[in-house]
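Inside the fold
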Amino acid sequence: MLNSKGKHRRPSKAARIATLAGVTGAAVAVPLMGATNASAASVATWDAVAQCESGGNWSINTGNGYYGGLQFSQSSWAAAGGTQYASRADLASKDQQIATAEKLLDMQGPGAWACAGAGGLTNDGVDPGVNPGGSGQSESKPEQAQPERQAEQPTTRSEQREAPKAESKKTVTTPTGDKVRKGDGEYKVKAGDTLSKIAQKEDVKGGWSKLFKLNDDIVEDANLIFPGQQLHLK
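Describing the overall build of the chain
- Broken down by element type, the chain carries seven helices and six strands.
- Reading the chain from its N end, one meets helices and strands in the order α-β-β-α-α-α-α-β-β-β-α-α-β.
- Here the analysis covers contacts within the chain between residues at least 6 apart in sequence; of these, 64% occur between residues at least 24 apart.
- In the structure as shown, the chain presents an accessible area of about 13100 Å², 51% of it carried by carbon and sulfur atoms.

Structure below.
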């Protein structure tokens, strides 16, 4: 039998400083029945708990052994009758997860969720009025959505890899770590250079002020140029 003080999942980050009691006996699957008014919570309350548990992602499966928006362990999902809907919580609809959570709430109370406090979960007697539907109908839905999420990831990562390369061609890193525009002129600034020295060395008519005007799109302060910048001389 399940211990009424058992926790169906791991502690949230906020609760990891506290030691939570574990299930002392083997989980026993029981039929899912409608929650009574004595052990029920509103959809808004379950949404708040899910936001804390999983960021509100009702189809999440990170491979850590906890599934769905309310992060059911497999044993708790089975014990509360969730397997009549789907093999795992992340394969069930939101309504089906809430209906199963109502049963777990009746069995173990709010303490079954580490995020009960953050979500304001209590036996408030409010019937969520969810419609869990038939068995197995929801399993195909998350599986259809998963390929789309997986297809998007390579594109995002590729963009993240390419962005620094594109930026490095257009900018120069200063000694303080800041980025300044590189430019595409014919003269590459070296350590110790100043606009005055460059103008004199390269015989720029109009001196440093002319050189500054020629490159005002990349040089913001005439007293600050950086090695690697490429200046136009005419």
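Focus on the packing of aromatic side chains
- Here the structure, examined in full by the defined rule, presents three aromatic pairs.
- Relative to W77, the ring of F72 lies with its centre 5.0 Å away and its plane at 70°, an arrangement referred to as edge-to-face.
- A relative accessible area of 0% places W77 in the buried class.
- Between F72 and W113 the ring centres are 6.5 Å apart and the planes differ by 80°, which places this aromatic pair in the edge-to-face class. Here F72, found in strand β2 (residues 72–73), pairs with W113, found in the loop between α3 (94–108) and α4 (116–119); they are 41 residues apart in sequence, far enough to count as distant.
- By relative accessible area, W113 is classed as buried at 2%.
- Within the aromatic cluster, the residues linked to one another by ring pairs are W46, F72, W77 and W113.

Observations regarding the pattern of salt bridges
- Applying the stated criterion across every chain, the model contains five salt bridges.
- In this structure, the salt-bridge partner of K94 is D47, at a minimum N-O distance of 2.8 Å. Of this pair, K94 sits in helix α3 while D47 is found in helix α1 (residues 43–54), placing the two residues 47 residues apart along the sequence.
- Looking at D47, the relative accessible area reads 29%, which means it is partly exposed.
- Ionic pairing is found between D90 and R88, a salt bridge with its closest N-O pair at 2.9 Å.

Quick look at unusual backbone geometry
- Although it is not a glycine, Q71 sits at a positive phi angle of roughly 50°.
- Mapping Q71 onto the fold places it in the loop between β1 (66–67) and β2.
- Judged by its relative accessible area of 4%, Q71 falls in the buried class.
- Unlike most non-glycine residues, D203 shows phi in positive territory, near 55°.
- Of note, D203 is situated in the loop between α6 (195–201) and α7 (207–214).

So, the state of the cysteines
- What the rule picks out here adds up to one disulfide.
- One disulfide bridge connects C52 with C115, the sulfur atoms lying 2.1 Å from each other. Because the sign of the S-S torsion sets the handedness, a value of about -60° for the bond joining C52 and C115 places this disulfide among the left-handed ones. Here the residue C52 occupies a position in helix α1, and C115 occupies one in the loop between α3 and α4, the gap between them amounting to 63 residues.
- Residue classification places C115 among the buried positions, given a relative accessible area of 0%.

Overview of the nonpolar core
- Counting residues in hydrophobic clusters, the biggest one holds 23 residues, and the most contacted among them are W46, L70, F72, W113 and L121.
- Of all the elements in the fold, those that place two or more residues in this core are α1 and α3.
- Tallying contributions element by element places α3 first for this core, with four residues.
- Grouped together as the second largest cluster of nonpolar side chains are 12 residues, V189, I198, L211 and L233 included.

Considering the side chain of N215
- On the secondary structure map, N215 appears in the loop between α7 and β6 (230–231).
- With a relative accessible area of 1%, N215 lands in the buried category.
- Polar side-chain contacts of N215 include one of 2.8 Å to the backbone oxygen of L211.
- Residues contacting N215, with those up to four places away along its chain left out, are Q230, L231 and H232.

Some remarks on α1
- Here α1 spans 16 Å end to end across 12 residues, near enough to the 16 Å set by a 1.5 Å rise per residue.
- Listed as buried for α1 are T45, W46, V49, A50, E53 and S54. Burial along α1 is one-sided: seen end-on, the buried residues are contained in an arc of 135°.
- Those residues of α1 that are buried are in contact with α3 and α4.

Conventions used here
Residues numbered from 1 in each chain as written. Predicted model: local features only at pLDDT ≥ 70, side-chain atom pairs only at ≥ 80, totals over all residues. Heavy atoms only, no water. Helix = DSSP H or I, 4+ residues; strand = E, 2+ residues; numbered from the N terminus. Contact = heavy atoms within 4.5 Å. Areas by Shrake-Rupley, 256 points an atom, 1.4 Å probe, with all protein chains shown as cover. Phe/Tyr/Trp six-rings, centres within 6.5 Å; stacked < 30°, edge-to-face > 60°. Buried < 20%, exposed > 50% of the residue type's maximum accessible area, 1.4 Å probe, protein only. Salt bridge = Lys/Arg side-chain N within 4 Å of Asp/Glu carboxyl O. Disulfide = S-S within 2.5 Å. Core = buried A, V, L, I, M, F, W, Y, C linked by side-chain atoms within 4.5 Å. Polar contact = N/O pair within 3.5 Å; in protein donor to acceptor, adjacent residues only side chain to side chain. Expected span 1.5 Å × (residues − 1). Arc of directions from axis to C-beta.

Purely geometric numbers; function is a separate question.
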